Amino acid sequence: MKKWCLILCSTWWLTACQSVNYYGQSIKGQWQILANRQPLEQVIKHPQSSPALIKQLQSIQKIRHFAQSLSLPTKGQYDTYVDIKRSAAMWSVAATPELSLTAKTWCYWGVGCLGYRSFFEETLAQQFESQLKEQGYDTHLSRVTAYSTLGWFRDSVLSNFVYKSEADLAELIFHELAHQVVYAKNDPVFNESFAEVVADEALKRYLVGRMEQFDNIVLRKKRQQQFAELVLDYRKQLADIYKSNLTIPEKRQKKAQTFESLQQSYQQLKQQQWQGFNGYDAWFAHLSNAKLNSVSVYNSLIPALTQLLLSVDYDLPRFYQQCQKLAKLSVTERHKILATQDTK
């Protein structure tokens, strides 16, 4: 409760330069989750809980136990359940200028500046995106399946993701718990890449002995890597266009051509290497600078951090310690060190 009061007071202080309505919906949304959580054991034993829900919650208990063996902070985390009665935990809006890949940022107390703004109500996110579009920004509105409160509160299992497959649940929980181990202010690329590397290694260990599930994950990860490489290649092409001496109309034309080429390259990848797998069709339905940035955030430092994990013989606690040291550095220093890892 003390933490909640601190957040509340800090929020009101911030309203001097931030939107009262925005922080109001944030307080309301988080409070609804905190007020409606129930211990997993209580839900499992409740006579009205469905067999399907009970099975999923029991799987989560097993996942939490395994996470503890990896030195991930499970105490008070994902041991409660909340029916949020909506399809996503939150909706997130990101933006860039029309002819730039520089993300618009918003600064928040306690976590630093981030390249997105999140809402607990989809209509509010849509309204905010519309306002940004009217101002000339490229935008991307995405659904947030889960998020970490970085240890400020007990994160809960939410109804919007509870029915995922066991492997997907494990990966999600490992990822979110990793954010509580290492977090660097103002560096979402480092934070998300770190959590991705931890979740990937943890999931490999969790699925030992379950070859079919492991093979499915390997295939999904391969496609994910190919998708990221494709998008990041075209993102680099766009960066070169935006930095060039072309006129604004010429840049707009080149931008449209680059997006069209990306669409065509995706179709080739899908047909030639994925045997028609269409899991990314929705993502490619509409492209924007901000959408390409979202791939960069989650993938750019994965090779360097994977190399760092290898350098400590896949010892996760040692890897955490190395990354905690990196998190204390400036963004520039941190990325410079990781650049040397990526070339090894």
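Description of the structure in this document. Only a predicted model underlies this, so the values are computations on that prediction, with no experimental measurement involved. (Residues numbered from 1 in each chain as written. Predicted model: local features only at pLDDT ≥ 70, side-chain atom pairs only at ≥ 80, totals over all residues. Heavy atoms only, no water.)

## Here's the deal with the packing of aromatic side chains
Tallying each qualifying case throughout the model produces 17 aromatic pairs. Note on Phe66 and Phe174: the rings are 6.2 Å apart at their centroids and 50° apart in plane angle, and the pair reads as tilted. Here Phe66 is found in helix α4 (residues 51–69), whereas its partner Phe174 is found in helix α6 (residues 166–181), with 108 residues between them in sequence. We classify Phe174 as buried; its relative accessible area is 0%. Seen from their ring centres, Tyr266 and Phe284 are 4.0 Å apart, and the 10° between their planes marks the pair as stacked. One end of the pair, Tyr266, is in helix α9 (residues 248–272); the other, Phe284, is in helix α10 (residues 281–284), with 18 residues separating them in the sequence. Residue Tyr266 shares its accessibility class with Phe284, and that shared class is buried. In textbook terms, an aromatic cluster arises when at least three aromatic residues are bridged by ring pairs, as seen for Phe227, Tyr266, Trp274, Phe277, Tyr280, Trp283 and Phe284. Over the ring of Phe277 we find Arg223; its NZ or CZ atom is 4.1 Å from the centre of that ring. (Phe/Tyr/Trp six-rings, centres within 6.5 Å; stacked < 30°, edge-to-face > 60°. Helix = DSSP H or I, 4+ residues; strand = E, 2+ residues; numbered from the N terminus. Buried < 20%, exposed > 50% of the residue type's maximum accessible area, 1.4 Å probe, protein only. Lys NZ or Arg CZ within 6 Å of the ring centre and 35° of its normal.)

## Some words on the nonpolar core
Leu57, Phe190, Phe194, Leu305 and Phe319 are the most contacted members of the largest nonpolar core, which totals 63 residues. Breaking this core down by element, the ones donating at least two residues are α3 (40–45), α4, β2 (80–82), β8 (157–158), α6, α7 (188–206), α12 (302–311) and α13 (316–327). A total of ten residues in this core trace back to one element, the largest contributor, which is α7. If sequence neighbours within four positions are ignored, Phe194 has contacts with Ala178, Val181, Val182, Leu305, Phe319, Tyr320 and Cys323. Counting 22 residues, the second largest nonpolar core, distinct from the first, contains Leu101, Ala228, Leu269 and Val295. (Core = buried A, V, L, I, M, F, W, Y, C linked by side-chain atoms within 4.5 Å. Contact = heavy atoms within 4.5 Å.)

## A look at the state of the cysteines
In protein chemistry, a disulfide is the covalent bond that joins the sulfur atoms of two cysteines. In total, this model carries one disulfide according to the counting rule given. Covalent S-S linkage joins Cys107 and Cys113, the inter-sulfur distance amounting to 1.8 Å. The sign of the 90° torsion about the S-S bond sets the Cys107-Cys113 disulfide as right-handed. (Disulfide = S-S within 2.5 Å.)

## Digging into the sheet that holds strand β7 (residues 138–144)
In space, the three strands of this open sheet follow the order β6-β3-β7, with antiparallel pairing throughout. Bordering the open sheet on either side are β6 (117–119) and β7, each of which pairs with just one other strand. Sheet twist, expressed as the mean angle between neighbouring strand axes with direction ignored, is 25°. Where strand β3 (residues 90–96) meets β6, three bridges bridge the pair, whose relative direction is antiparallel. Along β6, the bridge assignment pairs Val93 with Arg117. Against the sheet, helix α11 (residues 289–299) touches β3 and β7, its axis set at about 50° to β7. (Pairing = 2+ DSSP bridges. Axes fitted to C-alpha atoms, helices over the stretch in contact; angles between N-to-C directions.)

## Some thoughts on the pairing of β3
Here β3 lies mainly inside the structure; seven of its seven residues are buried. The two faces of β3 match: Met90, Ser92, Ala94 and Thr96 on one face and Trp91, Val93 and Ala95 on the other face are all buried. The pairing of β3 with β7 spans seven bridges and is classified as antiparallel. Each bridged residue has a counterpart across the sheet, and for Val93 the counterpart in β7 is Leu141.

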